[in-house]
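# Breakdown of the fold
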Amino acid sequence: MSNAAQPVVEAANRLGEGVQWCPRTQALYWTDILASTLWRYTPHDGATRQWAMPERLASFALCEADGWLLLGLASRLAFFNLDSGELQPIAEVEGDLPTRLNDAVCDRQGRFVFGTMHEPEGNAPKQAIGGFYRLNTDLSLERLPLPSVAISNSLAFSPDGTTMYFCDSPTQRIQCCDYAADGSLGAPRTFVDLAGIEGDPDGSTVDAEGGLWNAQWGMSRVVRYRADGREDTIVPLPARQPTRPALGGAALDTLYITSARDGLSAATVRDEPRNGALFATPAPAGVRGLAEARFGGNPSLR
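Summarised in this report is the structure supplied together with it. Predicted, not measured: the structure shown is a model, and the values here were computed from it.

## Quick word on the nonpolar core
In this structure, L70, L77, F79, F112, F114, L135 and F295 are the most contacted members of the largest nonpolar core, which totals 19 residues. Only β6 (57-62), β7 (68-73), β8 (76-81), β10 (99-106), β11 (112-118) and β12 (132-135) provide two or more residues apiece to this core. Take this core: its biggest share by element is three residues, from β10. Here L70 is in contact with S59, F60, A61, C63, A78, F79, I90, F112, L135 and F295, once residues within four sequence places are set aside. Counting 15 residues, the second-largest nonpolar core is a separate cluster that includes L57, L69, L73 and F80.

## Focus: the sheet that holds strand β17 (residues 189-193)
Read from one edge to the other, the open sheet built from four strands follows the order β14-β15-β16-β17, with strand pairing classed as antiparallel. The sheet is open, and its two borders are formed by β14 (152-157) and β17, each paired with just one other strand. Each neighbouring strand pair of the sheet contributes to a mean axis angle of 25°, computed without reference to strand direction. Sheet topology note: the strand β16 (residues 173-178)/β17 ladder contains four bridges and is antiparallel. Within the sheet, the bridge partner assigned to Q175 lies in β17 and is T190.

## Notes on the side chain of Q216
Here Q216 is to be found in strand β19 (residues 212-217). A polar contact is formed between the side chain of Q216 and the side chain of Y225, at a distance of 2.9 Å.

## Digging into the side chain of N275
Relative to the assigned elements, N275 resides in the loop between α1 (266-271) and β24 (278-282). Note on N275: relative accessible area 0%, which makes it buried. A distance of 2.9 Å separates a polar atom in the side chain of N275 from the backbone oxygen of E272. Apart from residues no more than four positions distant in its own chain, N275 is found in contact with P238, A239, R240, Q241, S259, A260, R261, L264 and T268.

## Focus: the packing of aromatic side chains
Geometrically, a pair of aromatic rings is defined through the distance of the ring centres and the angle of the planes. Within the structure shown, the criterion is met by 11 aromatic pairs. Ring geometry for W30 versus W39: centroids 5.3 Å apart, planes at 20°, classification stacked. Both residues of the pair, W30 and W39, belong to the buried class. Taken together, W68, F79 and F295 form an aromatic cluster joined through their ring pairs.

## Section: the state of the cysteines
Per the stated rule, a full pass over the model turns up zero disulfides. There is no disulfide at C63, and the cysteine sulfur nearest it, in C106, is 7.5 Å away. Free cysteine: C167, not disulfide-bonded; nearest cysteine sulfur from C176 at 12 Å. For C167, a relative accessible area of 0% gives the class buried.

## Considering the pattern of salt bridges
Inspection of every chain in the model, using the stated rule, returns 17 salt bridges. When the shortest N-O distance is used, the salt bridge between R134 and E142 registers 3.0 Å. Here R226 and D232 are joined by a salt bridge, their closest N and O atoms 3.0 Å apart. By relative accessible area, which is 35% here, R226 ends up partly exposed. In this structure D232 comes out as partly exposed when scored by relative accessible area, which is 30%. Linked through salt bridges whose partners overlap, the residues forming this network are D207, E209, R224, R226 and D232.

Basis of the calculations
Residues numbered from 1 in each chain as written. Predicted model: local features only at pLDDT ≥ 70, side-chain atom pairs only at ≥ 80, totals over all residues. Heavy atoms only, no water. Core = buried A, V, L, I, M, F, W, Y, C linked by side-chain atoms within 4.5 Å. Buried < 20%, exposed > 50% of the residue type's maximum accessible area, 1.4 Å probe, protein only. Helix = DSSP H or I, 4+ residues; strand = E, 2+ residues; numbered from the N terminus. Contact = heavy atoms within 4.5 Å. Pairing = 2+ DSSP bridges. Axes fitted to C-alpha atoms, helices over the stretch in contact; angles between N-to-C directions. Polar contact = N/O pair within 3.5 Å; in protein donor to acceptor, adjacent residues only side chain to side chain. Phe/Tyr/Trp six-rings, centres within 6.5 Å; stacked < 30°, edge-to-face > 60°. Disulfide = S-S within 2.5 Å. Salt bridge = Lys/Arg side-chain N within 4 Å of Asp/Glu carboxyl O.

Just geometry here; none of it tells us what the structure is for.
Put into structure tokens, the structure is as follows:
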């Protein structure tokens, strides 16, 4: 057990997600999906900034091109310029299905790997009709040969890029597969089986030692697993629904965690106002993060 994470931005996010540290700007970026809002926080002065999006922002990637993000909007991919607000559409995704984009990460070659999730009508259960995709640096889009999913999550890559992690949250299993530089994938295998927990695996990040940090929705915790799948560290936080961790700060030794208040009762939100905050805590001694891989495609191609 590690020290509990504490709120650093009382963001009151409905569905905070996608948190990433940018070493170039020394800033943290994340999205409140349901509020269609991109957030930025600079720890050195505590300042925050927000950008309104044209639709729900599910995920994003920093780009090699300074000042640009690659957005995974609910229905499509697009480039976004942080200074001008210019939006450059790239491609629609699963336009014929009741799904939206969800979790995402860049592989070590600078390609954007992302998944989708089912959005059924009413309170119907989510079905495994979504998929995993890759946007290549030439802006070509392909579906990856992985099983269909109800809620894609936990996308991350090992430090050398040869292992890809992913999950379908309702199955309560984090999976992995071999991942080659040419983009080919091996057969999926179970990395961690969480069957029986009172929650689901959500977003993940990988540290420099190859440890996988996973936010566990409904469990008020982030758990670090060693590269062999053994549980190593538990970080509690005073929020029921942590969504994704990131290692940031100047030395990449601060663990940041987004959270959500979506689905909680009004009474719970009133009594537990830290749900939806951005949290932080020092990483365990000796643990450092990795700079997130940036998308290598060029906005000028659009």
